Amino acid sequence: MLIKKPDPIKSSEITDRAVWQDRRRLIKAAAAAGVGLVAERAGALASRPGQGQAISGVVDTDYGRGLALTDFQDATSYNNFYEFGTAKSDPARHAHSLQTRPWTVRVDGECDKPGEIGIEDILKDFTQEERIYRFRCVEAWAMTVPWVGFPLGDLLKRFQPNSRANFVAFETLFDPQQMPGQQRGVLDWPYREGLRMDEAMHPLTLLATGLYGEVLPNQNGAPLRLVVPLKYGFKSIKSIVGIRFVRDIPETTWWKLAPREYGFYANVNPQVDHPRWSQKRHRVLGAGLFAAKQPTQLFNGYAEQVAGLYRGMDLSRFY
Ligand code: MTE
């Protein structure tokens, strides 16, 4: 199939909205215990800037406390979600056509307990177990968002991946009626992403169900999306319906489309430039066009926690 290549996504757009002042503190807090430390039950979070549906039973954590947050309006109106158009303003304008209930996620492949789980059950179970957290988290496309969700590994474990599960592959819903962008061949639909198993089980790898204390707006990937803060933004696949444990490295959307430009690993790395632009500095969303660009950090600043995953790998080859 001939795929029409969309306008190149600049790495400053699919990548590093990252800027943060209190990096050390975040790293220490998260490294100390994954994510659950200094948790306090916050109930429905007080600050809900968009006045969407509140998420109750959220456990607040110290994770990223003190970070300067991106404005809610920016985080929910400047998006990439090609299923609703290729302009940054398209998802907020068009994603209301997506029905997020009922919503089922199928988990299968190399595991002992394949199955399906509904979003309501995920939310019920994790809320009951007090394992829906708030993470103030830098996303690698220049925004810092208080995500609401849980480590991906907490869900994956339930399906008991076996020893042949080397990678995890993710798929977005394919429904051109609800997602009109899929009627055009700009990408090879459905959108697909993947992680190595150890990346998927790392506590920094999150599944988000909300942001700013509210249920995820559709344009941000409702009802369930990945958030991988150490990686460029395109890894954080939205509106997930399929998760598969696989032996071999899975084909992923941007990597398949333009392998020289977008690698499978996609770790934020100022030393590895995109073929057409430098990755050394980045703009911050909301800072204005004239604000100085910020230096980009290896692994988006999470090196202390994640560098071990890539020890011995040539990161310029496995970009
Ligand atoms: N997931 C799907 N299904 N479709 C997409 O087009 N875009 C990716 C990622 N996940 C995308 C997707 C890209 S390029 C980025 S930068 C982030 O979503 C943007 O997330 P945000 O809009 O919540 O900031």
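Placed above this text is the structure.
Please read these numbers as outputs of a predicted model, since none were measured by experiment.

Enquirer: What am I meant to see in the overall build of the protein here?
Expert: Across its full length, the protein holds 9 helices and 14 strands. Expressed as a percentage of its 319 residues, the buried residues of the protein come to 56%. For the protein, the proportion of contacts with a sequence separation of at least 24, taken over those separated by at least 6, is 72%. Element-wise, carbon and sulfur atoms account for 49% of the exposed surface of the protein, whose accessible area totals about 13500 Å².

Enquirer: Just checking my understanding: could you explain the packing of aromatic side chains for this structure?
Expert: Working definition: an aromatic ring pair is given by the centre-to-centre distance plus the angle between the planes. Enumeration according to the criterion identifies 13 aromatic pairs in this entry. Feature note: the residues F167, W255, F264, Y265, F299, Y310 and F318 constitute an aromatic cluster, connected by ring pairs. For the cation-ring pair, K235 lies above F264, with the distance from its terminal atom to the ring centre recorded as 4.1 Å.

Enquirer: Explain the pairing of strand β9 (residues 206–211) here, please?
Expert: Burial within β9 is extensive, with 6 of its 6 residues counted as buried. Inspection of the sheet shows strand β6 (residues 143–151) paired to β9 by 5 bridges, in the antiparallel sense. Bridge pairing in β9 places W147 opposite L211. Taken together, the 3 bridges between β9 and strand β11 (residues 225–227) define a ladder with antiparallel strand orientation. Its bridge partner lying in β11, L206 is registered against V227. The pairing of β9 with strand β10 (residues 214–215) spans 2 bridges and is antiparallel. Its bridge partner lying in β10, G210 is registered against V215. Hairpin geometry of β9 and β10 is characterised by an intervening segment of 2 residues between the two adjacent antiparallel strands and by a positive phi of about 50° at Y212.

Enquirer: I keep staring at the environment of I55 and nothing clicks. Help me out?
Expert: Its place among the elements puts I55 in the loop between β1 (40–43) and β2 (58–60). Separated by 160 residues in the primary sequence, I55 and V215 have C-alpha atoms spaced 6.0 Å apart.

Enquirer: When you look at the nonpolar core in this model, what are you seeing that I'm missing?
Expert: Proteins that are soluble and globular tend to have nonpolar side chains buried together. Counting residues in hydrophobic clusters, the biggest one holds 82 residues, and the most contacted among them are W147, F170, L226 and F245. Apart from residues lying up to four places away in sequence, F245 is in contact with V107, D108, G109, E110, C111, L156, F159, P161, A165, F167, V168 and M197.

Enquirer: Got a minute to help me understand helix α5 (residues 119–128) in this structure?
Expert: Two residues of an α-helix separated by three or four positions point the same way, owing to the 3.6 residues in each turn. What α5 keeps buried is the set I119, I122, L123 and F126. One face of α5 carries all of its buried residues, which in axial projection span an arc of 95°. In this fold, the buried residues of α5 make contact with β4 (115–118), β6, α6 (152–156) and β9. Just past α5, the residue E130 takes up positive phi, approximately 55°.

Enquirer: Would you mind going over the pattern of salt bridges with me for this structure?
Expert: Two side chains that carry opposite charge are able to pair once their charged atoms sit near each other. All chains considered together, the criterion is met by 21 salt bridges. Across the pair R131 and D154 runs a salt bridge whose closest N-O atoms are separated by 3.2 Å. Highlighted residues: R131 in the loop between α5 and β5 (133–139) and D154 in helix α6, separated in sequence by 23 residues. On the accessibility criterion, R131 (24% relative accessible area) is partly exposed. Here D154 falls in the buried class, since its relative accessible area comes to 17%. Across the salt bridge formed by R276 and E261, the nearest N and O atoms sit 2.4 Å from each other. Of the two residues, R276 sits in the loop between α8 (253–257) and β13 (281–282) while E261 sits in the loop between α8 and β13, which places them 15 residues apart along the sequence. On the accessibility criterion, E261 (16% relative accessible area) is buried. It is possible to trace a salt-bridge network through shared partners that takes in D125, E129, R131, D154, K157 and R158.

Enquirer: Would you take a moment to explain the sheet that holds strand β8 (residues 192–196) for this structure?
Expert: Neighbouring strands of a sheet are bound in pairs by backbone hydrogen bonds; such pairs are parallel or else antiparallel. Across the sheet, which stays open at both edges, the 5 strands sit in the order β4-β3-β12-β7-β8 with mixed pairing between neighbours. On the outer flanks of this sheet lie β4 and β8, each paired with one strand and no other. Direction aside, the axes of adjacent strands within the sheet are offset by 20° on average.

Reading the values: rules and limits
- Residues numbered from 1 in each chain as written.
- Predicted model: local features only at pLDDT ≥ 70, side-chain atom pairs only at ≥ 80, totals over all residues.
- Heavy atoms only, no water.
- Helix = DSSP H or I, 4+ residues; strand = E, 2+ residues; numbered from the N terminus.
- Buried < 20%, exposed > 50% of the residue type's maximum accessible area, 1.4 Å probe, protein only.
- Contact = heavy atoms within 4.5 Å.
- Areas by Shrake-Rupley, 256 points an atom, 1.4 Å probe, with all protein chains shown as cover.
- Phe/Tyr/Trp six-rings, centres within 6.5 Å; stacked < 30°, edge-to-face > 60°.
- Lys NZ or Arg CZ within 6 Å of the ring centre and 35° of its normal.
- Pairing = 2+ DSSP bridges.
- Core = buried A, V, L, I, M, F, W, Y, C linked by side-chain atoms within 4.5 Å.
- Arc of directions from axis to C-beta.
- Salt bridge = Lys/Arg side-chain N within 4 Å of Asp/Glu carboxyl O.
- Axes fitted to C-alpha atoms, helices over the stretch in contact; angles between N-to-C directions.

Function cannot be inferred from these measures alone, as they are strictly geometric.
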